[in-house]
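Here are the chains, one letter per residue:
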Amino acid sequence: MCGIIGYVGKENAVPIIVDGLKKLEYRGYDSAGVAIYKDDGFDVVKQKGRLSALEQRLAQKPLVGNMGIGHTRWATHGEPSDVNSHPHVGSKNKIAVVHNGIIENYKHLKERLEHWGVNFASQTDSEVIAQLAEHYYSGDLMDAVVKVSNAVEGSYALGVMCVDEPDTLIAIKKDNPLIIGVAKHGHFIASDVPAVLKHTDKVCYLNDKEIAVLKEGSVKFFDIDGEPLEKQVETVTWTMDDAEKGGYPHFMLKEIMEQPKVLRDTIQSVLKSGNNKNVIDTLDISRFNKIVITACGSAYNAGVVARYVFEQLCRMSVEVELASEFRYKNAIIDEKTLVILVSQSGETADTIAAMREAKSKNATTLSIVNVVGSTIAKEANFCLFTAAGPEIAVATTKAFSSQLALLYILSIRFAVKLGKISQVEEQKYLLEISQLPDKISSILKRIDSIQMYASECVGYKSIFFIGRNIDYAIALEGSLKLKEISYIHSEAYAGGELKHGTISLVEENTLVVALSNCERLYGKIMSNAEQVISRGAKVLLIGNCPEAKETDKLFHIGLPQGSELFSPSLSVIVLQLFSYYVAANKGLDIDKPRNLAKSVTVE
């Protein structure tokens, strides 16, 4: 959500910042802007809309300078507009700021500043930061930034420049990601690694209330009290090629096709020596009498799938909670509860809050994240890392599959430790999980039939997904994926609930996607299919259903044989491709769906 890039160094900052903003487009935005320091102040160009519109403005008004900040904004306070775009400059034209996050007490601060005679130009909460920094500034920019940090309430990642300190760029964060990039020709601040990877693979991760002071030849770190800090420079293990489309029309399709490799790498990270294996081997599940999985969006759906697997193998109570609800519900947890937090970015605001709530009640926290150095990765008691690499498309695919793989293996290891399954059964399950990448590859080779069927589904206004047991869990993800990128209304229902109201929505030419990988429930789901077909619906049946017979009302996409426990990893590939091709046939911007952001770092 929103993107920050800043640079100070020997090169012209403008093309570096614009290129960095392009690498952050996946985070979601509705406007963009840059501010460049020049000899007599700041040059600022801001534009509502896509980056291409900003580039056109910059072509008409070229900017040159060796220090600057840029931003892609996703509107929270104030409509998308040129004036509400970032960067924001104080009324004295002395300090320029880019901000990600939300300032919760901005109204109070704005009223105080207006009482002191400050004139505001925008409707945003972020402008308060620039105006407040100018108010506090008395010759020391870092001191002003510290005072701002102490005055504001909420979340923020900030990049700050001052005309009186023309060689200095300052960054600070709280509950929003911000990294520091270290290169030979200069230094960077950024919301995420892809923004700087063209120039450097050396980065530092800021913790909350840590300050970075960047100059052309140095980067220094301080705590909020101004005391110097030593920060470790880390080397990013993936390359620019990983963050490029590689010939695919969209990142989403590329990331779908990467899943066999990603899954194989994630599985091996647990079965062979390494941090993931050490964490699972160390964790004593016998200490706990309950597991709670909490997450948002697709990560929540991964948790719903995992509940079926954990309860089946471990015979242990498992609850799955939306993090946005868990953080406020005064959850019944204690030192005997294991709380599992799932987040691709490791920066999801609600999941961070849920983690801190769990820790405040003495629960043990275990996170599953994709980003090393993220807030959740650092603060959870234990952490497992998915090996998904950079995921650029807003709609998650490979990160979701990686999360499932880790949750499967975690449940198997826990079941062995609890004495619920034998080591022979453990090896059987692990072998089946190890075979998932090859089975996924076989599905991806049959992409044409999925593409063909999806091309016929563009005109539907509503599509319903049904399943039973673990098939219902993955139906939730199929429904979410479709609505995210195709803008077609969709809902997922447990098959047995059709007769309790939802079948009233089924009418002539409705599409119902039915999932069936539970052999013992095949007859039940087919009964549901017959019920909707008799009311005029068409059915897309996905699953290992050798007895299924296609008709003009029923189309079947088969899956490889395997245990129903791990079948969601196969079903989801078809569901992802189906959603992708429906959206592609509608000509939509698949990687950047409207109103959505990759990492939701505000409430």
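Here the structure is shown first, and the text comes after it.
Residues numbered from 1 in each chain as written. Predicted model: local features only at pLDDT ≥ 70, side-chain atom pairs only at ≥ 80, totals over all residues. Heavy atoms only, no water.

Chemist: Give me the lowdown on the sheet that holds strand β12 (residues 211-215), citing residues and values where you can.
Modeler: Pairing between the strands of a sheet comes from backbone hydrogen bonds, and it takes one of two forms, parallel or antiparallel. An order of β5-β6-β7-β8-β12-β13-β14 is seen for the 7 strands of this open sheet, with the pairing classed as antiparallel. On the outer flanks of this sheet lie β5 (88-89) and β14 (228-229), each paired with one strand and no other. The pairing of strand β13 (residues 218-222) with β14 spans 2 bridges and is antiparallel. Directly across from Phe221, in β14, lies its bridge partner Leu229. (Pairing = 2+ DSSP bridges. Helix = DSSP H or I, 4+ residues; strand = E, 2+ residues; numbered from the N terminus.)

Chemist: I'd like a description of the pattern of salt bridges, backed by residues and values.
Modeler: Scanning all chains against the criterion turns up 29 salt bridges. Two residues, Asp19 and Lys23, come together in a salt bridge whose shortest N-O distance is 3.2 Å. In this pair, Asp19 and Lys23 are both assigned in helix α1 (residues 13-23), 4 residues apart and thus about one turn of the helix distant. Of the two residues, Asp19 and Lys23, neither departs from the other in class, the shared state being buried. Here Arg356 ties to Asp208 by a salt bridge, and the two come within 3.4 Å at their closest N and O atoms. Here Arg356, found in helix α11 (residues 349-360), pairs with Asp208, found in the loop between β11 (202-205) and β12; they are 148 residues apart in sequence, far enough to count as distant. Judged by relative accessible area, Arg356 falls into the partly exposed class, the value being 29%. Overlapping salt bridges bring together Lys173, Lys174, Asp175, Asp208, Arg356 and Glu379 as one network. (Salt bridge = Lys/Arg side-chain N within 4 Å of Asp/Glu carboxyl O. Buried < 20%, exposed > 50% of the residue type's maximum accessible area, 1.4 Å probe, protein only.)

Chemist: Describe the packing of helix α17 (residues 470-486) against helix α19 (residues 568-585), naming the residues involved and giving the relevant values.
Modeler: Their axes nearest at 9 Å, the elements α17 and α19 cross at an angle of 20°. Overall, the two elements α17 and α19 adopt an arrangement that is roughly parallel. Handedness of the α17/α19 crossing: right-handed. Contact residues: α17 offers Ile470, Ile474, Glu477, Gly478, Lys481, Leu482, Ile485 and Ser486, while α19 offers Pro568, Ser571, Val572, Leu575, Gln576, Phe578, Ser579, Tyr580, Val582 and Ala583. Considering only residue class, the contact of α17 with α19 consists of 11 nonpolar, 5 polar and 2 charged. (Axes fitted to C-alpha atoms, helices over the stretch in contact; angles between N-to-C directions. Parallel < 35°, antiparallel > 145°, perpendicular 65-115°, else oblique. Left-handed = near helix turned anticlockwise from the far one by under 90°. Contact = heavy atoms within 4.5 Å. Nonpolar A, V, L, I, M, F, W, Y, C, P; charged D, E, K, R; others polar.)

Chemist: Give me the lowdown on the pairing of strand β25 (residues 554-558), citing residues and values where you can.
Modeler: Most of β25 sits out of view: 4 of its 5 residues are buried. Where strand β24 (residues 538-543) and β25 come together, 5 bridges link them in parallel fashion. Looking at β25, one finds that Val539 is bridged to Leu554.

Chemist: Quick rundown of the pairing of strand β2 (residues 31-38)? Include the residues and the values.
Modeler: With 7 of its 8 residues buried, β2 lies for the most part within the structure. The pairing of β2 with strand β3 (residues 41-48) spans 8 bridges and is antiparallel. When the sheet's bridge partners are listed, Lys38 is paired in β3 with Gly41. If you look at the hairpin formed by β2 and β3, you'll find 2 residues sitting between the two strands. Alignment of β2 against strand β4 (residues 67-73), held across 6 bridges, turns out to be antiparallel. If you follow Ala32 over to β4, its bridge partner there is Thr72.

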